[in-house]
Amino acid sequence: MGDTPALVATDIDGTLIRDDRTLSPRTADVLARITARGTPVVLVTGRPVRWLKMVYDQLAEPLPAVCANGAVVYDPVRDEVLRADPLAPQHLAEVARRLRAEVPDISFAVEVLDSREMRHEVHYPLRWDADHDRIRPVETPEELLSVPAVKLLARAGEQDPDTFVELIGAAVAGLAEATHSSYSGLVEISAAGVTKAAGLDWYCDRLGVAAADVLAFGDMPNDVPMLSWAGRGVAVANAHPAVLAVADEVTGANSEDGVAAYLEKIFGAD
């Protein structure tokens, strides 16, 4: 990559936004200036489509997004899903069977309809999304696994996230991808081959941008494939050790506008 990337890709939570889920005016401004000069900026996130509005409300204009850890590519201007790569029902059922055998008290939720809606087992513990009108419990495990899902979410009480994802990853090897982006023991499962890198690669190919010319930012294990794939992978200072290990560079923490500071260095400040 030269000094100036052809495309900027950034994770949202723990990377671009602060811990209170707000986007600083400084960050919003630098993103607006980069896009105005013609360099695409893409949000690459574990979030579902329905969780993008709270970020878009803080931006000058909405940015394209690779959601659900690479399973969904979304155009917010047209409110259109350009590509979705879900787990088929038969794969969901087999993943669930393997994991229930391995972790008897496991509970599941699924992101369906291109991550516009979520379904969950009655005993699945909801966090800050609990009151959302697009989230509802299902009566039976069969109903949960009966439609394609862009992401399967697994919890089993409080778990060490790194140990738990390793256990689940071994159980679903060859069938699905397992990763995590939180410290609460939530494991996120996608179809085989689906990662942030794969989703971003598809979008970049559409634009004619090579991986070598991409600048990417991240903080958690689900960002590792993207930072490894991009020509320049930058970790925020608060990143997980696995991310720091693969990053080409480290910028300031998300609470210190680390992404904005790095972009100002590359593209110039106001």
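Source: prediction; values computed, not measured.

### Observations concerning helix α5 (residues 161-171)
1) Next: Taken as a whole, α5 has its buried residues at Pro161, Phe164, Val165, Ile168 and Ala171. In a view along the axis of α5, the buried residues occupy a sector of 125°, so they form one face of it. Across α5 from its buried face, at more than 90 degrees, point the exposed residues Thr163, Glu166 and Ala170.
2) Next: The inward-facing, buried residues of α5 contact α3 (89-102), β9 (151-155), β10 (176-179) and β11 (187-191).
3) Next: Structurally, the start of α5 carries an N-cap: the backbone nitrogen of aspartate 162 is 3.2 Å from a side-chain oxygen of aspartate 160.

### Section: the pattern of salt bridges
1) Next: Scanning all chains against the criterion turns up 15 salt bridges.
2) Next: Two residues, glutamate 264 and arginine 26, come together in a salt bridge whose shortest N-O distance is 2.7 Å. Here glutamate 264, found in helix α9 (residues 258-267), pairs with arginine 26, found in helix α1 (residues 25-36); they are 238 residues apart in sequence, far enough to count as distant.
3) Next: Residue classification places glutamate 264 among the buried positions, given a relative accessible area of 17%.
4) Next: In this structure, arginine 119 and glutamate 117 form a salt bridge, with 2.3 Å as the shortest nitrogen-oxygen distance.
5) Next: With a relative accessible area of 14%, arginine 119 lands in the buried category.
6) Next: Members of the salt-bridge network, linked through shared partners, are Asp11, Lys196 and Asp223.

### Comments concerning the side chain of arginine 50
1) Next: One can find arginine 50 in the loop between β2 (41-44) and α2 (53-56).
2) Next: Engagement of the side chain of arginine 50 in a polar contact is seen with the side chain of glutamate 111, the distance being 2.6 Å.
3) Next: Contact partners of arginine 50, with chain neighbours within four places excluded, come to Glu111, Ser115, Arg116, Glu117, Met118, His132, Arg134 and Ile135.

### Re the nonpolar core
1) Next: Counting 83 residues, the largest nonpolar core has Leu99, Ile189, Leu200 and Leu263 as the members making the most contacts within it.
2) Next: Here the element with the most residues in this core is α9; it accounts for six residues.
3) Next: Sequence-distant contacts of leucine 263, that is, excluding residues within four places in its chain, are made with Val8, Val30, Leu31, Ile34, Leu215, Phe217 and Gly268.
4) Next: Formed by six residues, the second largest nonpolar core is a distinct cluster that contains Met118, Tyr124, Ile135 and Leu186.

### Describing the side chain of aspartate 257
1) Next: Along the chain, aspartate 257 falls in the loop between β14 (249-251) and α9.
2) Next: Despite its burial, aspartate 257 remains without a salt bridge, the nearest opposite charge being carried by arginine 26 at 4.1 Å.
3) Next: Among the polar contacts made by the side chain of aspartate 257, one reaches the side chain of serine 24 at a distance of 3.0 Å.
4) Next: The contacts of aspartate 257, once residues within four sequence positions are left out, are Ser24, Arg26 and Thr27.

### Overview of the packing of α3 against α5
1) Next: Taken N-terminus to C-terminus, the directions of α3 and α5 make an angle of 130°; their axes are 9 Å apart at the nearest point. Taken together, the axis directions place α3 and α5 in an arrangement best described as oblique. The element α3 and its partner α5 pack so that their crossing is right-handed. Along its contact with α3, which presents Arg98, Leu99 and Glu102, the element α5 presents Leu167, Ile168 and Ala171.
2) Next: Classifying every residue of the contact of α3 with α5 by side-chain character gives four nonpolar, no polar and two charged.

So, how was this worked out
- Residues numbered from 1 in each chain as written.
- Predicted model: local features only at pLDDT ≥ 70, side-chain atom pairs only at ≥ 80, totals over all residues.
- Heavy atoms only, no water.
- Buried < 20%, exposed > 50% of the residue type's maximum accessible area, 1.4 Å probe, protein only.
- Helix = DSSP H or I, 4+ residues; strand = E, 2+ residues; numbered from the N terminus.
- Arc of directions from axis to C-beta.
- Contact = heavy atoms within 4.5 Å.
- Polar contact = N/O pair within 3.5 Å; in protein donor to acceptor, adjacent residues only side chain to side chain.
- Salt bridge = Lys/Arg side-chain N within 4 Å of Asp/Glu carboxyl O.
- Core = buried A, V, L, I, M, F, W, Y, C linked by side-chain atoms within 4.5 Å.
- Lys, Arg positive; Asp, Glu negative; His and termini not counted.
- Axes fitted to C-alpha atoms, helices over the stretch in contact; angles between N-to-C directions.
- Parallel < 35°, antiparallel > 145°, perpendicular 65-115°, else oblique.
- Left-handed = near helix turned anticlockwise from the far one by under 90°.
- Nonpolar A, V, L, I, M, F, W, Y, C, P; charged D, E, K, R; others polar.

In short, shape yes, function no, at least from these values alone.
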